[in-house]
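# Results of the structural survey
So the chains spell out like this:
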Amino acid sequence: HITKGSVVFDNVSFAYPESEEDVVKDINFQVAPGEKLAVIGSTGAGKTSLFQLIPRLYDPTKGKVSVDGSPLSDYSLDELRGSIGYVPQSPLLFTGSVTDNIAWGKDQATTEEIMQAAKDAQIHDTIMQLDDQYETRVGQKGVNLSGGQKQRISIARALIRKPKILMLDDSTSALDLATESRLLDAIDTYQCTMLIITQKITTAMRADRILLMDEGKLLAIGTHTELLASSALYRKIVES
Ligand code: CTP
Ligand code: MG
């Protein structure tokens, strides 16, 4: 079972099945249990591709990813995806109520758990303003929600499982700074390992360490201060 939430990448490379070119190139890093790691890098750098290897949406073409000291292949997909809260870059809601969408995959979720997850994801107040509140239909045949609102419902869906590893792929891009800050404060109380892809340096600086990717490669990993000292690309991003 995944009880600690450590993650190790060992010489990991990855190419999409229909392609020859590695989009993740020989990557090594370790994330300690409870650590918060931000991943930054320009568009197309391979951030999402790297993330997808952890819940095994894809498998590496070379190297090994381990969680809690065991290779991912030691876990069932149900176990992996039950312990890893993965919020994709473009989250999908299905046609159903807000409640159904948050509780998805956790059939026995109570109203209290659903509302707590929504509050922590900073979407509760918005839900309460909808015509039918938590029973409002969303998704393709439901009310139109903004990208940021869908992201937060998708974050609530991840939080309700109390994941050991929470992965946010640019999930706070649409939030204003104050709301994002409240969201990250709430996530702190979950005591999970967090991996967060972000374009915002202020968000990255809230993490314990920052991993900088460029063209599929890990260019640098360390604290904000360390990267300022060691990476010209990082300094360029900070200044821009
Ligand atoms: N790619 C691909 N097939 C896919 C998805 C992505 O070939 N199904 C390629 C993209 O064209 C890109 C590389 O993989 O060259 C890395 O893509 P991605 O991991 O999505 O990059 P991100 O760093 O996540 O970019 P963004 O910030 O735009 O989300
Ligand atoms: Mg991406």
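These numbers come from a predicted model, not from an experiment. Residues take numbers from 1 onward in each chain, read along the sequence in its written order. Think of it this way: whatever chain is written first is A, whatever ligand is written first is 1, and the rest follow in order. Selection of residues for local features in this predicted model requires a pLDDT of at least 70, selection of side-chain atom pairs for listing and counting requires 80 or more, and totals for whole chains, interfaces and linings are taken over all residues. Only hydrogens and water are removed before side-chain values are computed, so all heavy atoms of the structure are retained for them.

### Examining the overall build of the protein
Secondary structure elements follow DSSP: runs of H or I of four or more residues count as helices, runs of E of two or more count as strands, with numbering from the N terminus. Across its full length, the protein carries ten helices and twelve strands. What you see for the protein is a C-alpha radius of gyration of 18 Å, in line with the 18 Å of a compact globule of 240 residues. C-alpha extents for the protein along the principal axes are approximately 50 × 40 × 35 Å. By residue count, 49% of the 240 residues in the protein fall in the buried class. In what follows, residue pairs with any heavy atoms lying within 4.5 Å of each other are defined as contacts. When contacts within the protein are restricted to residue pairs at least 6 apart in sequence, those whose partners lie at least 24 apart make up 69%. In this description the radius of gyration comes from C-alpha coordinates, and the expected globular size is given by 2.2 Å times residues to the power 0.38. Whether a residue is buried, partly exposed or exposed follows from its accessible area with a 1.4 Å probe, protein chains only, as a fraction of its type maximum: under 20%, in between, or over 50%, in that order.

### Re the environment of Thr99
Tracing the backbone shows Thr99 in helix H3 (residues 98-103). Put simply, Thr99 and Ser73 are 26 residues apart on the chain and 33 Å apart in space, counted from C-alpha to C-alpha. Here Thr99 is in contact with Ile114, Tyr134 and Glu135, once residues within four sequence places are set aside.

### What to know about the coordination of the magnesium ion (ligand 2)
Metal coordination angles have textbook ideals: 109.5 degrees for a tetrahedral set of four donors and 90 or 180 degrees for an octahedral set of six. Metal coordination here is assigned from N, O and S atoms located within 2.8 Å of the ion, or within 3.2 Å for Na, K and Ca; omission of water means that sites may look incomplete. Distances from the magnesium ion (ligand 2) to its protein donors, Thr48 (OG1) and Gln89 (OE1), fall at 2.0 to 2.3 Å. Of this pair, Thr48 sits in helix H1 (residues 47-52) while Gln89 sits in the loop between strand E6 (84-87) and strand E7 (96-97), and the two are 41 residues apart along the sequence.

### What about unusual backbone geometry?
Phi is positive for Gln122, close to 65°, though the residue is something other than glycine. Looking at where Gln122 falls in the secondary structure, it is placed in the loop between helix H4 (111-120) and helix H5 (124-129). Its identity is not glycine, yet Lys162 carries a phi of approximately 45°, on the positive side.

### Quick word on the pattern of salt bridges
By definition, a salt bridge exists where a carboxyl oxygen of Asp or Glu is found within 4 Å of a side-chain nitrogen of Lys or Arg. Under the definition given, this model contains seven salt bridges. Here Glu35 makes a salt bridge to Arg209, at a shortest N to O gap of 2.5 Å. With a gap of 174 residues between them, Glu35 in the loop between strand E2 (24-31) and strand E3 (36-40) and Arg209 in strand E11 (residues 209-214) connect regions that are remote in the sequence. When its relative accessible area of 22% is taken as the criterion, Arg209 is described as partly exposed.

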